[in-house]
Every structure is written in C-alpha cells, then in structure tokens.
Amino acid sequence: MPVQLTMCRFCIRSRPEVQRTVAQLVKEFPNQIEVEELDCIAACDDVPAIMIETDYHPQVAPCELARLIRERLSPQATSAHPVGVPAPYPPA
Ligand code: FES
C-alpha cells in the first residue's frame, strides 16, 4: 500500500523546492507514494505543510520531507533503528 502525501495544491506551488522534492521521491519510490493535492488543507499559516498518511508536518523543509519518506520506505537505508524505536543510549 503506497504512502499517501497530502498537500495543498496552491501552497505547494509557492514552494518549488518542496514540489521538486516530492517529484524526486515519487521517482525514487515508484508505486510506493500516492500524492493527493487538495484545494486547501487548512494549513495556510504553516506553509509548506504536508500530511504523510495521518501525520501532520508543518513548515517542512525539503530535506526533512525526504528524510521522513526515506525512513518510512527504506528504514534500513537511512537509520540503524526503525522509526519509533529509540536508539540505545549512550550510542555504541
Ligand atoms: S490555501 Fe494552502 S493550505 Fe490553505
């Protein structure tokens, strides 16, 4: 089942760097990302905002968006520890 990204079609166009990152991620993970553009996601004060499934990410930077998606879709490639599982402390 693809990861769903939901964003505002108007606000995302004001942030071409985020739009490019989304396009790169869709290309990097074919058939694993579903992009839904709505007329407004009620995040007008938090642009660029994006929903990844049900998680809201306000004022997301392109590199942060890429990290979040890569962690979801290829957790072993970006982190030794899955999302939500704390790393041991102190680090080895
Ligand atoms: S008009 Fe873009 S989030 Fe509201």
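In the block above lies the structure referred to throughout.
Residues numbered from 1 in each chain as written. Predicted model: local features only at pLDDT ≥ 70, side-chain atom pairs only at ≥ 80, totals over all residues.

1. Here we look at the pairing of strand β2 (residues 33–38)
Consecutive residues of a regular strand have side chains that alternate between opposite faces of the sheet. Within β2, only 0 of the 6 residues are buried, which leaves the element largely exposed. Sheet analysis places strand β1 (residues 3–8) next to β2, joined by 6 bridges and oriented parallel. By the bridge assignment, threonine 6 is partnered in β2 with glutamate 36. (Buried ≥ 20, exposed ≤ 12 C-beta atoms within 10 Å, placed from the backbone. Helix = DSSP H or I, 4+ residues; strand = E, 2+ residues; numbered from the N terminus. Pairing = 2+ DSSP bridges.)

2. Describing the nonpolar core
Judged by nonpolar contacts, the single largest core of 14 residues is most densely connected at Met7, Ile50 and Leu65. At the level of elements, β1, α2 (16–28) and α3 (62–73) are the ones that each hand at least two residues to this core. Not counting residues within four places of it along the chain, the set of residues in contact with isoleucine 50 comprises Leu5, Met7, His57, Val60 and Leu65. (Core = buried A, V, L, I, M, F, W, Y, C linked by C-beta atoms within 7 Å. Contact = placed C-beta atoms within 7 Å.)

3. A short note on the sheet that holds strand β3 (residues 50–52)
Strand order in the open sheet made by the 4 strands is β2-β1-β3-β4, with mixed pairing throughout. The open sheet has two edge strands, β2 and β4 (55–57), and neither has a second partner. Neighbour-to-neighbour, the strand axes of this sheet turn through a mean angle of 20°, independent of strand direction. Bridging between β1 and β3 involves 2 bridges; their strand directions are antiparallel. Bridged to threonine 6 within β3 is methionine 51. Against the sheet, α3 engages β1, β3 and β4, with an angle of about 160° to β1. (Axes fitted to C-alpha atoms, helices over the stretch in contact; angles between N-to-C directions.)

4. Some words on unusual backbone geometry
A cis geometry characterises the amide bond from valine 47 onward to proline 48, with omega recorded as -5°. Structurally, proline 48 can be placed in the loop between β2 and β3. Phi at alanine 42 takes a positive value of approximately 60°, unusual for a residue other than glycine. If you trace the backbone, alanine 42 turns up in the loop between β2 and β3. Its 10 C-beta neighbours within 10 Å are what place alanine 42 among the exposed residues. Non-glycine residue glutamine 59 carries a positive phi angle of around 45°. Looking at the secondary structure, you find glutamine 59 in the loop between β4 and α3.

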